[in-house]
Each structure stands twice: as C-alpha cells, then as structure tokens.
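An overview of the molecular structure
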Amino acid sequence: MSGINKVILIGRLGAEPETAETKNGLGCKFSLATSESWTDKNTGQKQEKTEWHNIVIWGRLAEVAAQYLHKGSQVYLEGKLETTKYNEKYYTRVVLHAYGSKLELLDSRNSE
C-alpha cells in the first residue's frame, strides 16, 4: 500500500509572497502562520502558540497566489510535505503543485 502525504493548513501570510521564474516555471513562496490558543487548566490564563510554515507553490497556482495573496491574507491550502537538503542542512516545506493541491483565499484585502 502506498503512503499518503497531505497537509491542510489555515493561516495568515507573514510577509508578501516572493515570486521567481525558474527552469520549472513560475514559483511563489511565503511563510504561513498557524496559531492555536487554549486556557491553562492550572492558572486559568489564556495561552497561544504560533507555528511558521514555509510554503512553495508552482505553476498556475503560483500565478494566482502572486496576484491575490498579500501579507496578512488568510488562506486555506492543501499540499504535501517535501524535505530538501541545502548546504548540509535539511529543510521541510509545504509544496503545492497543479494536481492534488488547493489554494483558497478566505478573506479579501478590502475587508482587513
């Protein structure tokens, strides 16, 4: 049986998306913040934790992301985890390709 490599995230962009033309076509990258909050049972104080995710989008979805996404935009995305080695370090990122990926803007820039 094959494995499943699927990531679903809802979060906000930490900076403006960066785009670049590569030998594989247009690419778009940005960081996405996901946060969770809870109330500490012992102290009753509200706690919050934020995780940052590196996102890379290729192809037509990259064009859409470059045009419509901005710092602070809230998005829903589906992609897969991909780990690469660069300068003797490993980097894990969420990658969206044309097939099997989804990108949805959850708010508009005018509503912020």
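Figured I'd write up the structure that's included with this text. (Residues numbered from 1 in each chain as written. Predicted model: local features only at pLDDT ≥ 70, side-chain atom pairs only at ≥ 80, totals over all residues. Heavy atoms only, no water.)

**Thoughts on the pattern of salt bridges**
One pass over the full model with this rule turns up seven salt bridges. Glu-88 is the partner of Lys-85 in a salt bridge, and the nearest nitrogen-oxygen pair spans 3.5 Å. For Lys-85, a relative accessible area of 48% gives the class partly exposed. The partner of Lys-102 in a salt bridge is Glu-104, with the nearest N and O atoms 3.9 Å apart. (Salt bridge = Lys/Arg side-chain N within 4 Å of Asp/Glu carboxyl O. Buried < 20%, exposed > 50% of the residue type's maximum accessible area, 1.4 Å probe, protein only.)

**Focus: the nonpolar core**
Here is a general trend for soluble globular proteins: nonpolar side chains tend to be buried in one another's company. Ranked by size, the top nonpolar core spans 17 residues in total, and within it Phe-30, Leu-32, Ile-55, Ile-57, Leu-77, Leu-96 and Leu-103 carry the most contacts. Looking at this core, the elements with two or more residues in it are β1 (7-13), β3 (25-39), β4 (46-58), α1 (60-68), β5 (74-86) and β6 (89-96). Look past the residues within four positions of Ile-55 in its chain and what remains in contact with it is Leu-9, Cys-28, Lys-29, Phe-30, Leu-32, Leu-77, Val-94 and Leu-96. (Core = buried A, V, L, I, M, F, W, Y, C linked by side-chain atoms within 4.5 Å. Helix = DSSP H or I, 4+ residues; strand = E, 2+ residues; numbered from the N terminus. Contact = heavy atoms within 4.5 Å.)

**A closer look at the layout of surface pockets**
If you add up the space inside the largest pocket, you get close to 480 Å³. Secondary structure elements with two or more residues in the lining of the largest pocket: β2 (18-22), β3, β4, β5 and β6. Take the lining of the largest pocket: its biggest share by element is five residues, from β3. Each residue belonging to the lining of the largest pocket can be placed in one class, and the counts come to nine nonpolar, seven polar and five charged. (1 Å grid on protein atoms, 1.4 Å probe; cavity = no way out; pocket = protein on both sides within 12 Å on 5 of 7 lines; lining within 4 Å. Points joined across faces, edges and corners; volume = space filled by probe spheres on them. Nonpolar A, V, L, I, M, F, W, Y, C, P; charged D, E, K, R; others polar.)

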